[in-house]
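Single-letter residue listing:
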Amino acid sequence: MPETFILIPGRTSDQGCGISEGKFLEKYQREINTLQVPPGDMARLGLVDGDRVRLTGEDGQVVEVNITPAKKDELPEGMLFIAYGDISSRLMGGDTHGSGMPTSKGMDVRLEKV
Amino acid sequence: MAATTESTATPPGELKIVQDATCTFCGCVCDDIDLTVQDNHITEAKRACVLGKAWFLNHSIEDRPSCLVDGKPATLEAGYDRAAQILTTGKYPIIYGLSDSPCEAQRVAVSIVDWINGTIDTTTSVCHGPSGMAFQGVGEVTCSLGEVANRGDLIMFWGSNPAESHPRHFTKYSLMPKGMFLPNGRKDRTCVIVDVRRTKSAKAADIFVQIKPRADFEGLWTLRALAKGIDLDPKVVLRDTGVELAVWTDLMARMKAAKFGVIFFGMGVTMTRGKHANSEALLALTRDMNAYTRFVAKPNRGHGNVTGADNVVAWRTGYPFGVNHSRGYPRFNPGEYTTSDTLANGEADCGMTIACDPMANFSQPARQHLSSIPYIALDTKETPTTRAAAVAFTVATYGINTGGTVYRMDDVPIPLRPAFDSPHPSDFEVLTQIERRVKKIVGITS
C-alpha cells in the first residue's frame with residue numbers, strides 16, 4: 001500500500017555545484033535523481049539504499065526515483081527530501097493559487113516500492 | 001556599456017591575477033575573490049566558497065556554436081533576425097529569467113518587452129515573488145548586510161539553509177564577523193534557526209526550532225501574539241506548530257532583549273503553502289518587534305543578480321516582476337502575468353528566456369506548453385531549455401567574461417571585474433541586436 005509523505009525539495013551543495021559543472025553531467029543528474037528517506041521509515045517499509053520507489057503527486061503525477069537514507073536526524077519520519085531538479089518539478093502542480101509560485105515545498109506524495 | 005566590452009585578453013600561457021573579482025553565483029555577491037587565470041581558464045578562486053569555486057572553475061569557453069537555429073549552427077545575424085521575427089509575430093509574447101544577467105542587459109530586455117506589448121517576468125516569481133507581494137502589503141524593515149555584520153546580535157534564519165545555498169553568509173555577513181558593536185564576533189551573537197528539517201545550517205545554531213511542515217504561518221503568528229503579550233493555549237500551539245509554547249516564549253524573550261535582531265528568510269517560507277501570507281506574517285512580526293527594539297528582515301536571495309532584476313524591472317515599469325504590457329502600459333498581477341501561469345495556462349504563444357532554465361525548474365504543464373511554442377534562449381551552457389529552443393544563443397558569462405553591475409541581496413550595487421574574453425556575445429550584445437530588429441519591425445525609428 002502506498003504511504004503518504006511530505007516532500008521537501010531544496011538546494012544542496014552538489015546540486016548547486018552541478019549547475020555550474022553542467023546539468024547533463026553525472027554529479028548534477030545523480031543529485032537531482034536521488035530521494036532522501038528517513039532511516040526509520042526505510043526500515044519500517046523494508047527499503048534499502050538504492051531501491052527504486054514510485055512517487056505519486058497531489059495531481060496524480062507519477063515519477064520513479066532511487067532512494068538513499070537521509071543523514072542522521074536531518075529528516076523527521078514522514079518527510080522526504082530531494083534536490084531541486086526534474087523530479088521535483090514533475091511533482092509540482094501548475095496552479096500557483098494566484099501567487100505566481102507553484103507549491104514547491106511541503107507537497108503530499110504517496111510512496112511505494114517499485 | 002564600455003564595462004561589458006572591455007578586453008581582458010592575456011598572452012597564451014601567461015598567468016593573470018584578477019583581484020577582488022565578484023562572484024555572481026548566489027545573492028551574497030562576494031566581491032573579494034582573487035582569481036588566477038591562465039589560457040582562458042580560471043585555475044584558482046581564492047576565498048570563494050564551494051559554490052563559487054564551481055562557478056569560476058567551470059565557466060571556461062564553451063565549445064559550442066554561439067547560435068543555433070532549430071538545433072543547427074547558424075550565424076548570429078540569422079539568429080537575431082529569427083528571434084525578432086518570433087517575438088513580433090506572437091499575440092502573447094513573454095520574456096522570462098534575467099536573474100543571471102547584469103543590470104545593463106536586463107534594461108534592454110525590458111525595452112524589448114515594451115516594444116512588443118509583451119509580458120516580462122523574472123525568476124523572482126518562483127523564488128521570493130511571494131515576498132515581493134508581501135513587501136507591498138506590509139512594507140519592509142530592512143538594512144544592509146554591512147549593518148548586520150556590525151550590529152546584528154540576534155540572527156535568525158527561517159526556512160533558509162545558507163550552509164548549502166549561501167556558504168559564506170555566516171562568515172562574511174551574519175555570524176562570524178567582528179563588527180563595530182560586536183567586537184567578539186560570533187561570541188557576541190545568538191543564532192536561531194527555524195526549519196522543518198535539521199539542515200546542515202542547524203549545526204551553526206545556538207537554538208534550533210524544528211517546526212511542523214507547513215506550519216510557518218502558525219509559528220510566525222504565535223510569535224506575533226507573544227510579542228503583544230497575548231495568552232496562548234499551550235496545547236493548541238503545540239498542535240499547530242509542533243513546538244512547545246515554552247520554546248516560543250523563550251524565543252520571544254530573546255528577540256525583545258536583542259539590540260539588533262535580524263530575520264533572514266528563504267524558500268521554506270515562500271514555496272510552502274501560504275506563500276505570500278507566510279512572508280507577510282514574517283514581515284509583520286519584524287515590524288511589530290520595532291516597538292521593543294531594532295529588528296529587520298531580509299530575504300536570502302538565490303541567483304547572483306535576481307535582486308538587480310527586481311530593481312531594473314521596477315524602475316522601468318513600476319513593478320518588480322510579472323508585468324504585462326498588452327494594453328500599452330504596465331500592469332502587475334502575480335498569478336496571472338507570472339511565467340508559471342502564462343505557460344501552465346497555455347496563454348503565451350512565443351517567448352524568450354534569458355539566463356534561466358524553466359524546462360528544468362517549472363511544473364510539467366508549464367514545461368509542456370513551453371516546448372510547444374517558439375522561443376529564444378540565452379544561456380552560458382547547454383540546458384534543457386536551450387535544447388528545446390527555436391533559437392539558442394551561447395552567451396559569455398557575466399562577471400567572468402563581461403563586466404557590468406549586479407545588485408547584492410541587500411540592494412547594494414556591485415561592479416563586475418571580468419577575468420578573460422569570450423568569443424561568444426554577451427547577453428547585452430544579443431539583446432541589443434534583437435531590440436534593434438524588433439524596433440524596425442514594429443516601426444519604431446528613434
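Just so it is clear, the structure is predicted and the values come from calculations on it, not from any experiment.

(A) Spatial organisation of the overall build of chain A. Per the secondary structure count, chain A includes 4 helices and 6 strands. Put simply, chain A runs from its N terminus to its C terminus through helices and strands in the order β-α-α-β-α-β-β-β-α-β. Against the compact-globule benchmark of 13 Å for 114 residues, chain A has a radius of gyration of 14 Å, which places it among compact chains. Based on the C-alpha atoms only, the size of chain A along its principal axes is roughly 35 × 35 × 25 Å. Taking contacts inside chain A between residues at least 6 apart in sequence as the whole, the part at least 24 apart equals 70%.

(B) The overall build of chain B, seen in detail. Scanning chain B for helices and strands turns up 19 helices and 19 strands. Against the 2.2 N^0.38 benchmark of 22 Å for 446 residues, chain B shows a C-alpha radius of gyration of 23 Å, consistent with a compact globule. A principal-axis box enclosing the C-alpha atoms of chain B has dimensions of 70 × 55 × 35 Å. Out of the 446 residues belonging to chain B, those deemed buried represent 58%. The contacts in chain B between residues at least 6 apart in sequence include a share of 69% that link residues at least 24 apart.

(C) Layout of the nonpolar core. All names here are of chain B. Residues Leu35, Leu87, Ile95, Ala109, Ile112 and Ile376 are the most contacted members of the largest nonpolar core, which totals 90 residues. Among the elements that make up this core, the one with the highest residue count is helix 4 (residues 103-115) (7 residues). Beyond its immediate stretch of four places on either side in the chain, leucine 35 contacts Ile17, Val18, Ala21, Ile42, Ala45, Phe56 and Ala419. Ala134, Trp158, Ala205 and Val262 belong to the second-largest nonpolar core, a separate cluster that totals 74 residues.

(D) Inspection of the sheet that holds strand 5 (residues 72-73) of chain B at higher detail. All names here are of chain B. One open sheet holds the 9 strands; their spatial order is 5-4-17-16-15-6-7-13-14, and the pairing between them is mixed. Because the sheet does not close on itself, it has two edges, and the strands there are strand 5 and strand 14 (331-332). In this structure, strand 7 (residues 119-122) lies alongside strand 13 (residues 323-324), joined through 2 bridges in antiparallel fashion. Across the sheet, residue threonine 119 finds its bridge partner in strand 13, namely asparagine 324. In this fold helix 14 (residues 306-317) packs onto strand 7 and strand 13, with an angle of close to 150 degrees to the strand it touches most, strand 7.

(E) Inspection of the sheet that holds strand 6 (residues 107-113) of chain A at higher detail. Residue and element names in this part refer to chain A. Taken together, the 6 strands give a closed barrel; going around it, the order is 1-5-2-4-3-6, and neighbouring strands pair in mixed fashion. The average angle at which neighbouring strand axes cross in this sheet is 45 degrees, direction not considered. Across 2 bridges, strand 2 (residues 34-37) lies against strand 5 (residues 79-83) in antiparallel orientation. Within the sheet, the bridge partner assigned to leucine 35 lies in strand 5 and is isoleucine 82.

(F) Highlighting the pairing of strand 6 of chain A. When strand 1 (residues 3-10) of chain A meets strand 6 of chain A, the two strands line up antiparallel, connected through 5 bridges. In the strand pairing of strand 6 of chain A, leucine 7 of chain A is matched with methionine 107 of chain A.

(G) Structural context of the environment of phenylalanine 56 of chain B. All names here are of chain B. Residue placement: phenylalanine 56 occurs in helix 2 (residues 50-57). Distance from phenylalanine 56 to isoleucine 33, taken between C-alpha atoms, is 10.0 Å for residues 23 residues apart in sequence. Filtering out sequence-adjacent residues up to four positions away, phenylalanine 56 remains in contact with Cys23, Leu35, Ile42, Ala45, Ala48 and Ile400.

(H) The arrangement of helix 4 of chain B in detail. All names here are of chain B. When the terminal C-alpha atoms of helix 4 are compared, their 19 Å separation across 13 residues agrees well with the 18 Å that a helix rising 1.5 Å per residue should span. Here helix 4 lies mainly inside the structure; 10 of its 13 residues are buried. Once helix 4 ends, the next one or two residues include asparagine 117, with phi positive near 55 degrees.

(I) The interface of chain B and chain A, seen in detail. Opposite the 46 residues of chain B that make contact, chain A presents 37 residues. Breaking the side of chain B that touches chain A down by element, the ones donating at least two residues are helix 2, helix 5 (129-138), helix 7 (162-165), helix 12 (267-270), helix 15 (339-344), helix 16 (358-361) and helix 17 (364-370) of chain B. The element best represented in the side of chain B that touches chain A is helix 2 of chain B, accounting for 4 residues. Considered class by class, the residues forming the side of chain B that touches chain A number 18 nonpolar, 19 polar and 9 charged.

(J) Fine view of the pairing of strand 17 (residues 391-394) of chain B. Residues and elements named next belong to chain B. Here strand 17 shows no split at all, with Val391 and Phe393 on one side and Ala392 and Thr394 on the other all buried. Here 4 bridges tie strand 16 (residues 375-379) to strand 17, and the two strands are oriented parallel to one another. Bridge pairing in strand 17 links alanine 377 to alanine 392.

(K) Region of the structure containing helix 9 (residues 216-227) of chain B. Residues and elements named next belong to chain B. An ideal rise of 1.5 Å per residue puts 16 Å on 12 residues; helix 9 measures up with 17 Å between its terminal C-alpha atoms. Taken together, the buried positions of helix 9 are Asp216, Phe217, Glu218, Gly219, Leu220, Thr222, Leu223 and Leu226. Contact partners of the buried residues in helix 9: strand 9 (190-195), helix 10 (234-241), helix 11 (245-257), helix 12 and helix 13 (276-289).

(L) Focus on the packing of helix 4 of chain B against helix 14 of chain B. All names here are of chain B. Contact geometry of helix 4 with helix 14 gives a least axis separation of 9 Å together with a crossing angle of 40 degrees. Relative to helix 14, the element helix 4 lies oblique. Every pair of crossing elements has a handedness; the one defined by helix 4 and helix 14 is right-handed. Facing helix 4, whose interface residues are Cys103, Gln106, Arg107 and Val110, helix 14 presents Gly308, Ala309, Val312, Val313, Arg316 and Thr317.

(M) Quick look at the domain arrangement of chain B. Split by domain assignment, chain B resolves into domain 1 (67-127 + 304-397 + 423-442) and domain 2 (130-299). Between the C-alpha centres of domain 1 of chain B and domain 2 of chain B the distance comes to 35 Å.

(N) How the structure looks around the confidence of the model for chain B. Residues and elements named next belong to chain B. Across chain B, the average pLDDT comes to 96, with 98% of residues at 70 or higher. Per-residue pLDDT stays below 50 along residues 1-5; that stretch engages in 11 contacts with residues further than four places along the chain or on separate chains. Scored by ipTM, the complex comes to 0.96, with pTM at 0.95.

(O) Fine view of unusual backbone geometry. Its identity is not glycine, yet lysine 72 of chain A carries a phi of approximately 40 degrees, on the positive side. Mapping lysine 72 of chain A onto the fold places it in the loop between strand 4 (62-69) and strand 5.

(P) Local environment of the packing of helix 4 of chain B against helix 19 (residues 427-442) of chain B. Residues and elements named next belong to chain B. Running from amino to carboxyl end, helix 4 crosses helix 19 at an angle of 20 degrees, the nearest separation of the two axes being 9 Å. By the angle between their directions, the pair helix 4 and helix 19 is classed as roughly parallel. Once helix 4 is placed against helix 19, the crossing between them reads as left-handed. Facing Glu104, Ala105, Val108, Ala109, Ser111, Ile112 and Trp115 of helix 4, the residues of helix 19 in contact are Asp427, Phe428, Leu431, Thr432, Ile434, Glu435, Val438, Lys439 and Val442. Partitioned by chemical class, the residues of the contact of helix 4 with helix 19 number 10 nonpolar, 2 polar and 4 charged.

The rules behind the values
Residues numbered from 1 in each chain as written. Chains lettered and ligands numbered in written order. Predicted model: local features only at pLDDT ≥ 70, side-chain atom pairs only at ≥ 80, totals over all residues. Helix = DSSP H or I, 4+ residues; strand = E, 2+ residues; numbered from the N terminus. Rg over C-alpha atoms; globule rule 2.2 N^0.38 Å. Contact = placed C-beta atoms within 7 Å. Buried ≥ 20, exposed ≤ 12 C-beta atoms within 10 Å, placed from the backbone. Core = buried A, V, L, I, M, F, W, Y, C linked by C-beta atoms within 7 Å. Pairing = 2+ DSSP bridges. Axes fitted to C-alpha atoms, helices over the stretch in contact; angles between N-to-C directions. Expected span 1.5 Å × (residues − 1). Nonpolar A, V, L, I, M, F, W, Y, C, P; charged D, E, K, R; others polar. Parallel < 35°, antiparallel > 145°, perpendicular 65-115°, else oblique. Left-handed = near helix turned anticlockwise from the far one by under 90°. Domains from an automatic or database assignment. pLDDT = per-residue confidence, 0-100.

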